[in-house]
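Here is what each chain is made of, one letter per residue.
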Amino acid sequence: MTPLQDRLSALQDKQYAAFQAKLTPGVPEDSFIGIRVPVLRKFAKEFTKEAECEFFLQQLPHEYYDENMLHGLLISQIKDYEECIHLTESFLPYIDNWAVCDIMSPKVFAKHKEELLAKIKTWSQSSHVYTCRFGIETLMTHYLDKEFKTEYLEIPASVRSDEYYVKMMVAWFFATALAKQWEATIPYIEQKRLAPWTHNKTIQKSIESYRISPEQKEYLRSLKIK
């Protein structure tokens, strides 16, 4: 084990490792150290001040799932946009599960919406499952509020994939878009612009949402593809 892996192992919760392995299919069980996310977040905040942090961010691929989670958390803290983009794009090809993908949410992106949009379009069209998912999730995080434009809905709507974690992300995006931008988004459901599975999953997630009114939920039920 490396010195860093020894430090991470000291934070281990074996029960959590087993639990996380069940939630993350396709990732080898022996790659989970088992560090709870709040503990890993705290470690990342301290580790980012150490000289070894920069070296760690260059060392890909990592051996353990928890190292990948740490990598995603460290990228999320980077304050320089260009450096953040560079490290994000270096890391994306190595992401092999939804949890690592979803934990990476760089704060600096909020200040660079114009440049970021071009990156999102590229990521969302990637054939790599988690690069595509990350692109759509980034769009959902930063472009459904004040900066929203109806044309942005075309980005996830144009994604065609049979991959479960991509389809789920598109459904999550459109359910969130319905909650935040109903008038612009509902035509995509009315016109059945999404693949049938994604269409129905969007409706299901919307019906489960507290941000959708009872009247809207009733209308969505009538639009399900049978």
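Residues numbered from 1 in each chain as written. Predicted model: local features only at pLDDT ≥ 70, side-chain atom pairs only at ≥ 80, totals over all residues. Heavy atoms only, no water.

1. Observations regarding the packing of aromatic side chains
- One pass over the full model with this rule turns up 14 aromatic pairs.
- Ring plane angle 80 degrees and centroid distance 6.0 Å describe the contact between F47 and F56, whose orientation is recorded as edge-to-face.
- For the pair Y143 and Y152, a centre-to-centre distance of 5.5 Å together with 85 degrees between the ring planes defines the contact as edge-to-face. The exposure classification of Y143 matches that of Y152, with both residues buried.
- Three or more aromatic residues link up through ring pairs in this structure, and these residues are Y81, F109, W123 and F134. (Phe/Tyr/Trp six-rings, centres within 6.5 Å; stacked < 30°, edge-to-face > 60°. Buried < 20%, exposed > 50% of the residue type's maximum accessible area, 1.4 Å probe, protein only.)

2. A word on the nonpolar core
- With 74 residues, the main nonpolar core has L70, F109 and F173 as its most contacted residues.
- Not counting residues within four places of it along the chain, the set of residues in contact with F173 comprises I136, L139, M140, L144, L153 and P156. (Core = buried A, V, L, I, M, F, W, Y, C linked by side-chain atoms within 4.5 Å. Contact = heavy atoms within 4.5 Å.)

3. Digging into the packing of helix α5 (residues 65–77) against helix α6 (residues 81–91)
- Taken N-terminus to C-terminus, the directions of α5 and α6 make an angle of 160 degrees; their axes are 10 Å apart at the nearest point. It follows from the interaxial angle that α5 and α6 lie roughly antiparallel. For the element pair α5 and α6, the recorded crossing hand is left-handed. Contacts between α5 and α6 involve N68, H71, G72 and I75 from the former and C84, L87, T88 and F91 from the latter.
- For the contact of α5 with α6, the residue count by class is four nonpolar, four polar and no charged. (Axes fitted to C-alpha atoms, helices over the stretch in contact; angles between N-to-C directions. Helix = DSSP H or I, 4+ residues; strand = E, 2+ residues; numbered from the N terminus. Parallel < 35°, antiparallel > 145°, perpendicular 65-115°, else oblique. Left-handed = near helix turned anticlockwise from the far one by under 90°. Nonpolar A, V, L, I, M, F, W, Y, C, P; charged D, E, K, R; others polar.)

On their own, these measurements won't tell you what the molecule is for.
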